[in-house]
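Geometric and topological summary
Single-letter residue listing:
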Amino acid sequence: MRAHEAGVLHADGYGGPPIYLPFPDDVMALTPALWSRTVRRRDDGVLEVGGVSVLDLAREHGTAAYILDEADFRARAGAFRDEYAAAFAHLGGADVYYAGKAFLCSAVARWVMEEGLNLDVCTGGELAVAQRVGFSGERIALHGNNKTLAEIRQALSYGVGRIVVDSFAEIERIVAVATELGVVAPVMLRVTVGVEAHTHEFIATGHEDQKFGFSLAGDVAFNGVREILAHPGQLRFLGLHSHIGSQIFDTAGFETAARRLVRLHHRIADELGCAAPEIDLGGGYGIAYTSQHTPLSTAVLAEEMSHIVEQAFKTVGDGSLDDVPRVSIEPGRAIVGPAMFTLYEVGTVKPVTVADGHVRTYVSVDGGMSDNARPALYDADFSVTLANRASSAAPLVVRVVGRHCEAGDIVVQDEWLPADVTPGDLLAVPGTGAYCRSLSSQYNHTPRPPVIAVRNGESRVLIRRETIDDLLGLDVG
Ligand SMILES: Cc1ncc(COP(=O)(O)O)c(C=O)c1O
Ligand SMILES: N[C@@H](CCCC[NH3+])C(=O)O
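Residues numbered from 1 in each chain as written. Chains lettered and ligands numbered in written order. Predicted model: local features only at pLDDT ≥ 70, side-chain atom pairs only at ≥ 80, totals over all residues. Heavy atoms only, no water.

1. Digging into the UniProt feature "binding site: substrate" (unreviewed entry) in the protein chain
Taking the numbering used here, the UniProt-annotated feature "binding site: substrate" (unreviewed entry) corresponds to Arg-333, Arg-374, Tyr-378, Glu-406 and Tyr-435. Over a stretch of 103 residues, the named residues are scattered through the fold, their C-alpha atoms separated by up to 26.9 Å. Here Tyr-378 lies in helix H11 (residues 374-378). What makes Tyr-378 buried here is its relative accessible area of 12%. Residue class for Tyr-435 comes out buried when judged on its relative accessible area of 18%. Apart from residues no more than four positions distant in its own chain, Tyr-435 is found in contact with Lys-101, Ala-102, Ser-246, Arg-333 and Arg-374. (UniProt positions renumbered as here; feature names shortened; annotations may be inferred. Helix = DSSP H or I, 4+ residues; strand = E, 2+ residues; numbered from the N terminus. Buried < 20%, exposed > 50% of the residue type's maximum accessible area, 1.4 Å probe, protein only. Contact = heavy atoms within 4.5 Å.)

2. Structural notes on the site of ligand 1
Near ligand 1 you find 14 residues, and of these His-243, Ser-246, Glu-330, Arg-333 and Tyr-435 are the closest. Contacts to ligand 1 include His-243, whose side-chain N or O atom sits 2.7 Å from an oxygen atom. Within the complex, 92% of the 400 Å² of free accessible area of ligand 1 lies under protein. Per-class residue counts for the shell around ligand 1 are 3 nonpolar, 6 polar and 5 charged. (Near = heavy atom within 4 Å. Polar contact = N/O pair within 3.5 Å; in protein donor to acceptor, adjacent residues only side chain to side chain. Areas by Shrake-Rupley, 256 points an atom, 1.4 Å probe, with all protein chains shown as cover. Nonpolar A, V, L, I, M, F, W, Y, C, P; charged D, E, K, R; others polar.)

3. Section: the pattern of salt bridges
Between side chains of opposite charge, pairing is possible as soon as their charged atoms come close. Scanning the model with the defined rule gives 26 salt bridges in all. Here Arg-153 and Glu-180 are joined by a salt bridge, their closest N and O atoms 2.7 Å apart. Residue Arg-153 is located in helix H5 (residues 149-158), and its partner Glu-180 is located in helix H6 (residues 168-181); the two are separated by 27 residues in the primary sequence. A salt bridge links Asp-420 to Arg-389, with the nearest nitrogen and oxygen atoms 3.2 Å apart. Of this pair, Asp-420 sits in the loop between strand S20 (410-418) and strand S21 (426-430) while Arg-389 sits in the loop between strand S18 (385-386) and strand S19 (395-401), and the two are 31 residues apart along the sequence. Judged by relative accessible area, which is 32%, Asp-420 ranks as partly exposed. Among the charged side chains, a salt-bridge network with shared partners connects Glu-70, Arg-74, Arg-81, Asp-82, Glu-114, Glu-115 and Arg-455. (Salt bridge = Lys/Arg side-chain N within 4 Å of Asp/Glu carboxyl O.)

4. Description of the environment of Gly-284
On the secondary structure map, Gly-284 appears in the loop between strand S14 (278-280) and helix H9 (298-314). Discounting residues that sit within four places of it in the chain, Gly-284 has contacts with His-243, Gly-245, Ser-246, Gln-247 and Ile-248.

5. Observations concerning the pairing of S21
For S21, a buried count of 5 out of 5 residues is recorded, marking the element as mostly surrounded by other parts of the structure. In S21, alternate side chains face the same way, and those of Leu-426, Ala-428 and Pro-430 on one face and Leu-427 and Val-429 on the other are all buried. Here strand S16 (residues 340-353) runs beside S21; their pairing, made up of 5 bridges, is antiparallel. By the bridge assignment, Thr-342 is partnered in S21 with Val-429. (Pairing = 2+ DSSP bridges.)

Right, here's the structure in full:
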């Protein structure tokens, strides 16, 4: 056995156990969970998505480029809509809000609308995208821990269906804007439920010591609801909201969150006489970034979440399920994450002798931390495959890096590629739909890559590639 055939251990992002990348039987094989549903490898080794080959995509649109599989996005959105509707039919029903922060542009907002989902926005900018495509205001939720008066005005003027309130100061601001506009603002209250979600600390939001929400402790959340109910002429209380974090694989955290939320919901009904019609359990469902990640299917997730809500309501009051409020959820990553991959071209390939004479091969691509900040921000893992040809070369563990002036500019920590990977090859990095374009930057004056949608053998530009002139145009000094 050659040294590299033993497989490789590397650190899991999110502080989990080390990940083992077993020696691949076939280095060109694709792990289905990592790829959108229309991705396939042709007999000549070329990757195809939506019936379009990556060779054509690279020729027509250049690299680096984000490639979005429209059919896959719609299918995942539809699965959330249908599975949650089915699983919650015997309770108060369920709504799905697509979390636009994961990735939003006009076309995606239109797809969300056409698939019958609602939309979660967290800035005036995201709301402007929704407004541009005529997304029904009633089906929009506005989030944010520091909403400006202008954003609250924008939201209430557009008639959003809910504003998720994050602080006492914000209650005052919404009351002021509602008074000014002569409207009643529908609001939910975001509760910090005190749950430590099993994910990276930067994307956990349910524990006490962070900026979001009203704490359960010290009756802060209860008093928040009391304050909302004190303004019936300006505020209409819809219910409680919790979001415990992102990239979560098991439902234990949701169970604790739901139990605590339901207890508070019940207490509000009991002590404040308000039977809130809704409850929101947030987003956060994890996806596979490497062959070692095994997310639950949407159907299983919906079943488990419905069971969790049912059990939580059975333990309060007389245990009746007659008045279970309508449940909503806010998945972002689980809908758009796997629907996109990033297509790069290989530049420099550099073998570097590291500890104990071991050689690590650094494969540089024409992008990096400006189009995918997640490895640098969260130690996140990604996978990669050779996309433009077949190869029978031996598998080699490589590190894929970007072209930025930063040693931590890593795209893929460790992954097997054929050892003959060479300048001019195309690489595809799957699972880049969520929080990659959204978190992208122009670091080192790098114009951002385009987002290209593919469907039924055709590709079209959703967001065009930035140019150096775009960047210079901002520089008016
Ligand atoms: C309030 C809220 N809802 C929904 C989401 C979407 O999370 P995810 O993309 O992990 O489903 C987030 C992001 O973590 C969020 O902050
Ligand atoms: N940006 C994070 C997720 C944050 C979710 C937003 N509340 C990530 O890429 O994993």
